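Overview (structure and organization)
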Amino acid sequence: MRPKVIIVGAGASGLVAGIQAARLGASVTILEHTATPGKKLLSTGNGKCNLTNLTYLPGAYRGENPDFIKNVLEQVSVLQTLDFFKGLGVVLTDRNGYVYPNTGQASSIADALMFELDHLGITLICDCRVRAIRKDLTLTTSKGSMKGDSVILAAGSMAAPKTGSDGSGYELAAALGHTIIKPLPALVQLRCREKWYKQVAGVRTEALVTLKINGQTAAEDRGELQFTDYGISGIPVFQVSRFASRALDQGQNVTAELDLLPSMEEHATEEFLTDRVTRFAYRPADEFLNGVLNQKLTRVLLNETGIIKTAKTGEIKPAQIKKLTAAIKGLETAVISTNSFDQAQICSGGVDTREVDPCTMESKLIKRLYLAGEILDVDGICGGYNLQWAWSGGILSGTYAGRGKI
Ligand SMILES: Cc1cc2nc3c(=O)[nH]c(=O)nc-3n(C[C@H](O)[C@H](O)[C@H](O)COP(=O)(O)OP(=O)(O)OC[C@H]3O[C@@H](n4cnc5c(N)ncnc54)[C@H](O)[C@@H]3O)c2cc1C
């Protein structure tokens, strides 16, 4: 008898889990509560799908149990993932380690997975909401109840709920006794207190963003910083945001220091500015940093350091240059909240991975229940790491669920 595998969620992890289980001979049914499988997948990488990353970064994954993450990623590696997609006929392209389908279309990945589902005779039932899972692996759904020999819970997180991941996966896991580490928005914009944000909305600049929790550096990242009318956005902000999210949730004091000239040391910046005071003494102070920093940003910096913009550059005092240097090299901003789950790309938190076997993805609480993807307490940085997590856990859980009773 073919083992019957039921998968909750036709997202990245659920689809590859289904393919893997069916390849091993299982009869697979995937239940998806939206009308479209792989909805989130289609929006990844700005529609281009950055499906993995060839560079292993030690800090790329976060969660309370780093050994679990390492174990899973070692069992189904990036190279195996590349082979998996090449096997589906997808030509991949490597842009400095960031891997995309050669078409530049996320739909190529979704379509390749759907063709394989079809080819393997996997049953996909859309508009089917899983409402409960019993310990004997009977599922109550909006289309009736069904029982599997194995169930893979791949229902995602609660980030970007419009794509289907509305947090119901956590409820299903919690009802089975699993501990849920509070899910919070991650890879998300940060909202800040200062009034001047309205003046700089839309400005983009290279920066080093240092996130501080109670005055201590918690994380930093460099890249294109985007100012919005409420705070900061852009890749370097996304990369540090999960630490802000968790600290704010615990009522801690969160600030960010923005180094707006990250390629220049502080003393070199001071010398550079001092030299400009002499060379461009005739210019209005307002134009002092013309060609160095965006003018809207310059106005905020001058204001913060008490330099009157109508004064002449030559009138700027050494003490003011010191202050300006400090502001350019570490503009401090108070982070008051993150944007919501609607804007977040992923969640930090989720099912406690100490309750899941890292060799098989099987729950340690419920036999033959497997968990994969973002539902688990694992969050990656931007750059293909989150999809890699979904692929690795999906393939691994599909392998063990697909083998049937051992
Ligand atoms: C805008 C955006 C861009 C992103 N870009 C990238 C990128 O380029 N690279 C990268 O690595 N990561 C990216 N990510 C993150 C990545 O998409 C996710 O980490 C990944 O899709 C998670 O896969 P998953 O299978 O765990 O969950 P999902 O893909 O969310 O799939 C879960 C599925 O389960 C279904 N479901 C939920 N509850 C139920 C229920 N009760 N019954 C039935 N079905 C249910 C949902 O509808 C959904 O289809 C991006 C995310 C967003 C939002």
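The sections below set out a description of the structure shown in this document. Predicted model only: the values in this text are computed from it and were never measured. (Residues numbered from 1 in each chain as written. Predicted model: local features only at pLDDT ≥ 70, side-chain atom pairs only at ≥ 80, totals over all residues. Heavy atoms only, no water.)

It is worth spelling out unusual backbone geometry at this point. One non-glycine residue with positive phi stands out, namely Ala160, at about 50°. By the element assignment, Ala160 lies in the loop between strand E11 (150-153) and helix H6 (168-175). Phi is positive for Leu187, close to 45°, though the residue is something other than glycine. Relative to the assigned elements, Leu187 resides in the loop between strand E12 (180-186) and strand E13 (190-192). Residue classification places Leu187 among the buried positions, given a relative accessible area of 3%. (Helix = DSSP H or I, 4+ residues; strand = E, 2+ residues; numbered from the N terminus. Buried < 20%, exposed > 50% of the residue type's maximum accessible area, 1.4 Å probe, protein only.)

How two aromatic rings sit relative to each other is set out by the distance from centre to centre and by the angle between their planes. A full pass over the atoms with the stated rule returns nine aromatic pairs. Aromatic side chains Phe85 and Trp391 sit 4.8 Å apart centroid to centroid with 65° between the ring planes, which places their arrangement in the edge-to-face category. Remark: Trp391 occurs in helix H12 (residues 385-402) and Phe85 occurs in helix H4 (residues 78-87); sequence separation between them is 306 residues. Both residues of the pair, Phe85 and Trp391, count as buried. Linked through ring pairs, Tyr61, Phe68, Tyr385 and Trp389 together constitute an aromatic cluster. The ring centre of Tyr100 lies 4.5 Å from the NZ or CZ of Arg95, which sits over that ring. (Phe/Tyr/Trp six-rings, centres within 6.5 Å; stacked < 30°, edge-to-face > 60°. Lys NZ or Arg CZ within 6 Å of the ring centre and 35° of its normal.)

Counting residues in hydrophobic clusters, the biggest one holds 80 residues, and the most contacted among them are Phe85, Leu113, Leu153, Leu376 and Trp391. At nine residues, the largest contribution of residues to this core is made by H12. Among all residues touching Leu153, those that are not within four sequence positions of it are Val8, Ile133, Gly169, Leu172, Ala173, Leu369, Tyr370, Leu371, Ala372 and Ile375. (Core = buried A, V, L, I, M, F, W, Y, C linked by side-chain atoms within 4.5 Å. Contact = heavy atoms within 4.5 Å.)

Enumeration according to the criterion identifies 16 salt bridges in this entry. Note that Asp136 and Arg134 form a salt bridge whose closest N and O atoms lie 3.2 Å from each other. The closest approach of N and O atoms between Arg222 and Glu206, which form a salt bridge, is 2.9 Å. Of this pair, Arg222 sits in strand E15 (residues 216-227) while Glu206 sits in strand E14 (residues 204-213), and the two are 16 residues apart along the sequence. The exposure class of Arg222 is partly exposed, given its relative accessible area of 42%. Given a relative accessible area of 39%, Glu206 falls into the partly exposed group. The structure contains a network of salt bridges with shared partners spanning Glu64, Asp352 and Arg354. (Salt bridge = Lys/Arg side-chain N within 4 Å of Asp/Glu carboxyl O.)

On to helix H1 (residues 12-23), then. Helix length check: H1 (12 residues) gives 17 Å between terminal C-alpha atoms against 16 Å at 1.5 Å per residue, within 8%. Downstream of H1 by a residue or two, Gly25 has a phi angle that is positive, lying close to 105°. (Expected span 1.5 Å × (residues − 1).)

Time to look at the pairing of strand E2 (residues 27-31). Side chains on a regular strand alternate between the two faces of the sheet. With four of five residues buried, E2 is to be regarded as a mostly interior element. One crossover worth recording links strand E1 (residues 4-8) to the parallel E2 by way of H1, and it is right-handed. Here E2 runs beside strand E7 (residues 123-125); their pairing, made up of three bridges, is parallel. The residue of E7 that forms the bridge with Thr29 is Thr123. (Right-handed = clockwise from strand over helix to strand, strands pointing away. Pairing = 2+ DSSP bridges.)

Looking now at the side chain of Ser233. Along the chain, Ser233 turns up in strand E16 (residues 231-233). Apart from residues no more than four positions distant in its own chain, Ser233 is found in contact with Gln189, Glu224, Leu225, Gln226, Thr228 and Phe238.

Another aspect to go through is the site of the ligand. Lining the immediate surroundings of the ligand are 34 residues, of which Ser13, Glu32, Gly45, Glu374 and Leu387 lie closest. Here an oxygen atom of the ligand sits 3.4 Å away from a polar atom, N or O, in the main chain of Gly164. Interatomic distance of 2.7 Å between a backbone N/O atom of Leu387 and an oxygen atom of the ligand. Protein burial of the ligand: of its 1000 Å² of free accessible surface, 94% is covered by the chains. (Near = heavy atom within 4 Å. Polar contact = N/O pair within 3.5 Å; in protein donor to acceptor, adjacent residues only side chain to side chain. Areas by Shrake-Rupley, 256 points an atom, 1.4 Å probe, with all protein chains shown as cover.)

What follows concerns the sheet that holds E7. The five strands are arranged E7-E2-E1-E11-E20 in an open sheet whose pairing can be described as parallel. Of all strands in the sheet, those with a lone pairing partner are E7 and strand E20 (369-371), marking the two edges. Direction aside, neighbouring strands of the sheet carry axes that sit 20° apart on average. Bridge count between E1 and E2: five bridges; the pairing is parallel. Residue Lys4 lies in a different strand from E2, and its bridge partner there is Ser27. H1 rests against E1, E2 and E11 of the sheet, and its axis sits at about 170° to E2. (Axes fitted to C-alpha atoms, helices over the stretch in contact; angles between N-to-C directions.)

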